[in-house]
Amino acid sequence: AAAAAPATDEPIQPPVEIKYTQLLINGNFVDAASGKTFPTLDPRTGEVIARVAEGDSEDINRAVAAARRAFDEGPWPRMTAYERCRVLLRFADLIERDAEEIAALETWDNGKTLAQSAGAEVPMLARCMRYYAGWADKIHGLVVPADGPHHVQVLHEPVGVAGQIIPWNFPLLMFAWKVGPALACGNAVVLKTAEQTPLSALYVASLLHEAGLPDGVLNVVSGFGPTAGAALCSHMGVDKLAFTGSTGTGQIVLELAARSNLKPVTLELGGKSPFIVMDDADVDQAVELAHHAVFFNQGQCCCAGSRTFVHERVYDEFVEKSKARAQKRVVGDPFRYGVEQGPQIDEEQFKKILRYVRSGVDSGATLVAGGDRAGNRGFYIQPTVFADAKDEMKIAKEEIFGPVQTILKFSGVEEVILRANATQYGLAAGVFTKGLDAANTLSRALRAGTVWVNCYDVFDAGIPFGGYKMSGVGREKGIYALRNYLQTKAVVTPIRDAAW
Ligand code: NAD
């Protein structure tokens, strides 16, 4: 049943018109210096949605120059914090005004369901902007009680021009997590969007200007990684870099930053997160949560719970029910009501996921559901479940980034801690149990930046997010993200004729 929809469906015409396809530099939408464009594709069909200006190093130079001017000459960093707060609040209101258009653009360009874009991601974008608007006028330093007659102030100042590179899996949320704290702190930004999904960021950036953002404070360059992205990482005029994407690209970004001007870098990278089901768990609930942990967003989540560890006492029942749940998952046109899973982002990811599925079969895991493409056009994949996987199999070690659940059996807490931590990654983990002791032990023992206990994928704006080990450097969201965009300055003055 899951496979039937996309083969016969005629794609639904998205209820939105594409207004912005140029680069946003210094407050204006402009063509790339080279005049080049590239196509952005509809993942439902592989057909071209629009051609978009293709920025490269020349455009990055123009964008960084505009951001530098906006930062060095103002007014943004020198406006009152309350005025910056109000721009971000007005922006959140405009996001809500245009919520339907923004959600439709996101679904069209990315393939995620409209229910998810409209019901979760656009509201989360607005919420995140209001969260950081709230911080804008609450960033203050402190006074240090120094030894001797000195008045010591510590000031928190914006770092300057922030370069930000985002991926295609959550274009709007990545915009929010990066642009929100950077602007709240008074920085200027050059944002490089992912080549697969350039459209929604251009639209919302136009709203930010409507809300009163001065020209040059946010510049958006669409384009490819090795050209536009690398130029941003290497630029001597960029004071800070924030990157989300694959671990391999993160290593390149860090190296380019080091070799240019040692700009500090925060990285949010890949993962192979464990989801642990203990033997006291309500199996029906555990199956449902584990299913969402891995299949959410077509499995294209850095924090996907992609290693499902199940206690041997509930294992057989869990596998049977996970199989049934995956087979019930509704795959189809993401604009259609009731659809749970749309297409993968592009042909490259689609083929890569199917290679992983073949490798799972070849290495001896038991394929219990799915295992093939769904339909005969676009990039749809059947919800796939492997049981009896072993830790050393590729499907249990590498990030698949697709709708593929890998179920592993364990028999004790100590054992599952060792196995769950035996990975280069450490982004997230899930624990499903009624036992307080197991919950406490596992949440402390797991080497991951987030541990969700009896829940998964909870992403409030205030909760810090980021990775241990090769899943990243630094944290986004919450107060932790502010630190990424602030410099710390100590100001020391003698106290003369002190009466104290
Ligand atoms: P990627 O890391 O190559 O791309 C992410 C961003 O980095 C894009 O904007 C891209 O243009 C840019 N980029 C690429 N090469 C660059 C370079 N040399 N210098 C500067 N910027 C560069 O990811 P991808 O190719 O889109 O996907 C590959 C794999 O990455 C996926 O299969 C998945 O495993 C993983 N991924 C992880 C996340 C995440 O949120 N952690 C997001 C997307 C992809």
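As the structure is a computational prediction, the values presented were derived from the model and not from experiment.

Student: Which residues make up unusual backbone geometry, and what values go with them?
Tutor: The peptide bond linking Gly74 to Pro75 adopts the cis configuration, its omega dihedral lying at 15°. Mapped onto the fold, Pro75 is located in the loop between helix H2 (57–72) and helix H3 (81–97). The phi dihedral of Asp457 is positive, around 55°, even though this residue is not glycine. Position of Asp457 relative to the elements: it lies in the loop between strand S18 (450–453) and strand S19 (472–473).

Student: Before we move on, could you go through the site of the ligand and cite the residues and values that matter?
Tutor: Surrounding the ligand, one finds 27 residues, the nearest of these being Trp168, Lys192, Glu195, Ser246 and Lys352. Within the side chain of Glu399, an N or O atom sits 2.8 Å from an oxygen atom of the ligand. When the ligand sits alone it has 810 Å² of accessible area, and the protein chains cover 90% of it. Most atoms of the ligand, that is more than half of them, are within 2 Å of grid points of the largest pocket.

Student: Would you mind going over the layout of surface pockets in detail, with residue names and values included?
Tutor: Within this model, the largest pocket holds a volume of roughly 840 Å³. Lining the largest pocket are 38 residues; nearest its centre among them are Trp168, Phe243, Gly245, Ser246 and Thr249. Looking at the lining of the largest pocket, the elements with two or more residues in it are helix H8 (225–234), strand S10 (240–244), helix H9 (247–259) and helix H12 (347–362). Sorting elements by how many residues they give to the lining of the largest pocket places H9 first, with seven residues. One number sums up the size of the second largest pocket: a volume of about 220 Å³. Lining the second largest pocket are Trp135, Lys138, Ile139, His140, His156, Ile479, Leu482, Arg483, Leu486, Gln487 and Thr488. Going through the elements one at a time, helix H16 (478–484) and strand S20 (486–494) are the ones with two or more residues in the lining of the second largest pocket. Residue composition of the lining of the second largest pocket, grouped by class: five nonpolar, four polar and two charged.

Student: So what's going on with the environment of Ile495? Residues and values would help.
Tutor: Along the chain, Ile495 turns up in the segment after S20. Of the residues examined, Ile495 reaches a relative accessible area of 31% and is grouped as partly exposed. Remark: the alpha-carbon pair of Ile495 and Asp215, spanning 280 residues in sequence, is separated by 42 Å.

Student: How would you explain the pattern of salt bridges if you had to name every residue and give the values?
Tutor: Pairs may arise between side chains of opposite charge once their charged atoms sit close together. What the rule picks out here adds up to 25 salt bridges. Where Asp42 meets Arg44, a salt bridge forms, and the shortest distance between an N and an O atom there is 2.9 Å. Arg44 carries the same exposure label as Asp42, and that label is buried. Note that Arg325 is salt-bridged to Glu340, the shortest N-O span being 2.7 Å. Of this pair, Arg325 sits in helix H11 (residues 315–328) while Glu340 is found in the loop between H11 and H12, placing the two residues 15 residues apart along the sequence. Members of the salt-bridge network, linked through shared partners, are Glu288, Arg325, Arg329 and Glu340.

About the criteria used
Residues numbered from 1 in each chain as written. Predicted model: local features only at pLDDT ≥ 70, side-chain atom pairs only at ≥ 80, totals over all residues. Heavy atoms only, no water. Helix = DSSP H or I, 4+ residues; strand = E, 2+ residues; numbered from the N terminus. Near = heavy atom within 4 Å. Polar contact = N/O pair within 3.5 Å; in protein donor to acceptor, adjacent residues only side chain to side chain. Areas by Shrake-Rupley, 256 points an atom, 1.4 Å probe, with all protein chains shown as cover. 1 Å grid on protein atoms, 1.4 Å probe; cavity = no way out; pocket = protein on both sides within 12 Å on 5 of 7 lines; lining within 4 Å. Sits in = over half its atoms within 2 Å of the grid points. Points joined across faces, edges and corners; volume = space filled by probe spheres on them. Nonpolar A, V, L, I, M, F, W, Y, C, P; charged D, E, K, R; others polar. Buried < 20%, exposed > 50% of the residue type's maximum accessible area, 1.4 Å probe, protein only. Salt bridge = Lys/Arg side-chain N within 4 Å of Asp/Glu carboxyl O.

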